[in-house]
Amino acid sequence: MSEHETHEVENISTNLLLQTVDSLLLDGWRLIQVLALSTTEGYEVNYSFGGGYAMKTLRLHVGPKQSVPSITSYYAAAAYYENEMRDLFGVRIERIHPDWHNDIMGEKTPRAFSRVRVQGTSVERPVPLDAPPVPLASSPAADAQEGAIK
Amino acid sequence: MSGSPNAGPGLTVIPFGPQHPVLPEPLHFDLTLQDEKVVDAIPQIGYIHRGLEMLVEKRDFTDYVHVAERICGICSFMHGMGYCEAIETIMDLTVPDRGRWLRTFWCELERVHSHLMWLGLAADAFGFENLFHATWRAREIVLDVAEETAGGRVIYGSCIVGGTSTNPENETLDRCVKELSKVRAETIRLAEVFIGEPTVRHRLEKVGVLGRGKAYALGAVGPMLRASGVDYDMRRKGYEAYPELTFATMVETSGDCMARAKVRIREIDESLRLLGEIVARMPGGPVAVPVKGAPEGEGWVRVEQPRGEALYFVRANGKRNPERFRVRTPTFANIPAMVEVMVGSQLADVPTIILTIDPCISCTER
Amino acid sequence: MGGVERSIWIVHYDASSCNGCDIEVLACLTPVYDAERFGCIVTGDPKQADLLLVTGGVNNRNVEVLKSIYGQMPEPRAVVAIGACAYSGGVFSECYNVCGGVATAIPVDVYVPGCAAKPESILDGVLRAAAILKERRVALRSAPRNAKKGSTEEGARR
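Residues numbered from 1 in each chain as written. Chains lettered and ligands numbered in written order. Predicted model: local features only at pLDDT ≥ 70, side-chain atom pairs only at ≥ 80, totals over all residues. Heavy atoms only, no water.

Student: Just checking my understanding: could you explain the pattern of salt bridges for this structure?
Tutor: Pairing of side chains with opposite charge becomes possible as their charged atoms draw close. Residues and elements named next belong to chain B. Summed over all chains, the structure comprises 34 salt bridges over all chains. Close ionic contact of Arg-226 with Glu-267 constitutes a salt bridge, the shortest N to O distance being 2.6 Å. One end of the pair, Arg-226, is in helix α8 (residues 223–226); the other, Glu-267, is in helix α9 (residues 257–280), with 41 residues separating them in the sequence. A single burial state applies to Arg-226 and to Glu-267, both of which are buried. The partner of Glu-298 in a salt bridge is Arg-315, and the shortest N-O contact between them spans 2.8 Å. Highlighted residues: Glu-298 in strand β6 (residues 296–305) and Arg-315 in strand β7 (residues 308–317), separated in sequence by 17 residues. (Salt bridge = Lys/Arg side-chain N within 4 Å of Asp/Glu carboxyl O. Helix = DSSP H or I, 4+ residues; strand = E, 2+ residues; numbered from the N terminus. Buried < 20%, exposed > 50% of the residue type's maximum accessible area, 1.4 Å probe, protein only.)

Student: Looking at this model, I keep getting lost on the sheet that holds strand β8 (residues 324–328) of chain B. Mind explaining?
Tutor: Backbone hydrogen bonds are what pair the strands of a sheet, in a parallel or an antiparallel way. All names here are of chain B. Strands sit in the order β6-β7-β8 across an open sheet of three strands; the sheet is antiparallel. In this open sheet, the two edge strands, each paired with only one partner strand, are β6 and β8. Looking at each pair of strands side by side, their axes are set apart by 10° on average, direction ignored. Two strands pair when backbone bridges link them, and β7 and β8 are joined in this way by five bridges, in the antiparallel orientation. Within β8, the residue paired with Arg-315 across the bridge is Arg-324. (Pairing = 2+ DSSP bridges. Axes fitted to C-alpha atoms, helices over the stretch in contact; angles between N-to-C directions.)

Student: Would you explain the nonpolar core in this entry?
Tutor: The tendency in soluble globular proteins is for nonpolar side chains to be buried side by side. Residues Tyr-47 and Phe-49 of chain A, Phe-29, Leu-109 and Phe-194 of chain B together with Leu-52 of chain C are the most contacted members of the largest nonpolar core, which totals 202 residues. Of the domains in this structure, domain 1 (1–49) and domain 2 (51–207 + 275–338) of chain B are the two that each give at least three residues to this core. Contact partners of Tyr-47 of chain A, with chain neighbours within four places excluded, come to Leu-17, Gln-33, Val-34, Lys-56, Thr-57, Leu-58, Leu-60, Val-68, Pro-69, Ile-71 and Glu-82 of chain A. If you look at the next biggest cluster of nonpolar residues, it comprises seven residues, including Ile-32 and Leu-37 of chain A together with Trp-300 and Phe-313 of chain B. (Core = buried A, V, L, I, M, F, W, Y, C linked by side-chain atoms within 4.5 Å. Domains from an automatic or database assignment. Contact = heavy atoms within 4.5 Å.)

Student: Looking at this structure, I do not really get the packing of aromatic side chains. What am I missing?
Tutor: Each aromatic ring pair is summarised here by two numbers: the centre-to-centre distance and the angle between the ring planes. What the rule picks out here adds up to 15 aromatic pairs over all chains. Judged by centre distance (5.5 Å) and plane angle (85°), the rings of Tyr-83 of chain B and Phe-325 of chain B are edge-to-face. With Tyr-83 of chain B in helix α2 (residues 76–91) and Phe-325 of chain B in strand β8, this residue pair connects regions lying 242 residues apart in the sequence. Across the pair, exposure class does not vary: Tyr-83 of chain B and Phe-325 of chain B are buried alike. An angle of 70° between the planes, with centres 5.5 Å apart, marks the rings of Phe-132 of chain B and Trp-136 of chain B as edge-to-face. With Phe-132 of chain B and Trp-136 of chain B both in helix α4 (residues 129–149) and four residues apart, this pair spans about one turn of that helix. Neither residue differs from the other here; Phe-132 of chain B and Trp-136 of chain B are each classed as buried. The rings of Tyr-64, Tyr-83, Tyr-312 and Phe-325 of chain B are connected pair by pair, giving a single aromatic cluster. The lysine or arginine in question, Arg-30 of chain A, covers the ring of Tyr-216 of chain B, its NZ or CZ lying 4.8 Å from the ring centre. Directly above the ring of Tyr-232 of chain B sits Arg-30 of chain A, whose terminal nitrogen or CZ lies 5.2 Å from the centroid. (Phe/Tyr/Trp six-rings, centres within 6.5 Å; stacked < 30°, edge-to-face > 60°. Lys NZ or Arg CZ within 6 Å of the ring centre and 35° of its normal.)

Student: What am I meant to see in the sheet that holds strand β2 (residues 30–38) of chain A here?
Tutor: Residue and element names in this part refer to chain A. A sheet is described by the order of its strands in space; here four strands give the open sequence β1-β4-β3-β2, paired in mixed fashion. The sheet is open, and its two borders are formed by β1 (7–11) and β2, each paired with just one other strand. Averaged over all neighbouring strand pairs, the angle between strand axes comes to 20°, with direction disregarded. Note that β2 and strand β3 (residues 43–51) share eight bridges and pair antiparallel.

Shown next, in the form of structure tokens:
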């Protein structure tokens, strides 16, 4: 399959994200998706871009308390992915526009992905079905931070 | 609700959904209106969010296909196939020829069934009930073919990691092609009504226009993108038997609701033709390879669903349960473009606009 | 009017279903299966409906919506839960956002099996619910006027 030939994954650091995204936008790439994973160190965030049938993915590794700049000023469609990612995983994202303040999935939806993996395995810390929604540790802080920037 | 739109002077916020007569599925919008004109639309999801992406951690990777198929009951086969392909890329499995061609057969069958279903629902949305019933009657033939070849009407259950689980006889497939030719005749008849009828044209033409640049930049996919004049079809990238097939990509340029309808109607016809070709060229031999061991690594797969490009991502760590599964469904990609189109339209056109992106909320929320 | 069967007005709600059962419910209404021959008609308005068809399991967000739709329906009313998910959550029962079957939110009268449920069995479920509705109507009529509310079996269960 030609899948691998047309797809490259690039590891970048968080402070280079906006710069790289800007140059991708100028080169005519469009956003395909944003994807988060929980890892042993915190989160891994993947931004996939498409140009024609080729795909390019930028990969960030962020700590549980580290925040990621929003790319919504470059790609408006990213707002949906970033809001969802923040809602489900609790990844801190700075300056999403528009920001739906943890409301896109509804208040009662559990933030089940919002946890740090233990030793990279998946079943050590399952979320029981009857558990109350996991409080989203980052959201008030992130909101306060955002308020401060404005 | 903290995210509610600011209703200023002269503005009204009306909730649209979640239980709405036009939509079979719950989708909620806060529409901000100035008189009858929509000035802002904020989508609210979560009514069908199940969290099935996380279920991959509790299921064996070969069993998860059943869950992947149920991401959505409309494009179920392709969801199962996308997941299987991702696992196959990780494990370097090569699906035998007949398996690949059978999968392609079911993909195209699903496209026909999905587009016919959409045609009916769209007709129902603007109140043309006759057309709705006539389209769904034609669609039943497609479902019968699916049941005969795969074993299920909407959830096929025929895709497994390494190939397919069912292997219909060649005679069965030939008989199915004969049945499908009836659908083709019926579609041509229905298309005349859909494209030519003045009442339909009144509701669809010049409504919800999405420009070429906007469609591309906002990440629209599938018929939504092709109706705005972008020639983009994931099948061309070549997966399963598509590299060996030649097919036309349907592109329209006007970008309105009618263009989206035309793209889908022309795709039905092309897919039915393709189904005949697939059956005529169907190779023999086994349909699946045995799967040994457990996947380790990550796989990215993109396939063209009836609603557009879908992306599947699987990361596995050498255990029976993969670590993370992610699906980016076409409707999710189309929502920004849909909101863009809705802003500035008339309230009465909102149901038609929502319907013409062919939303699949179950996919979107997973 | 004792010999006349009433037509059943149906309201359909999709609680976290995968769409498979939903499109089969719609298929029931179209010419091949044609539920309208039994006098059924689908309405979008719960206040005019006799029968609630629910597909899919209940999740944390739609439980209130489901209860509110059920609450708006006039007595006598009946609920048909369609598919494996509506019974127990089905294939999604272990998902973090699925609370379980429809019975966790509202009382269910008829369960329709299948994943996805077939149109034939959905029609069967609707007809069984119609029989239940008829019994309830009779019970409501014979109950004393002031004790009407909560007099049916379903009301007692709530």
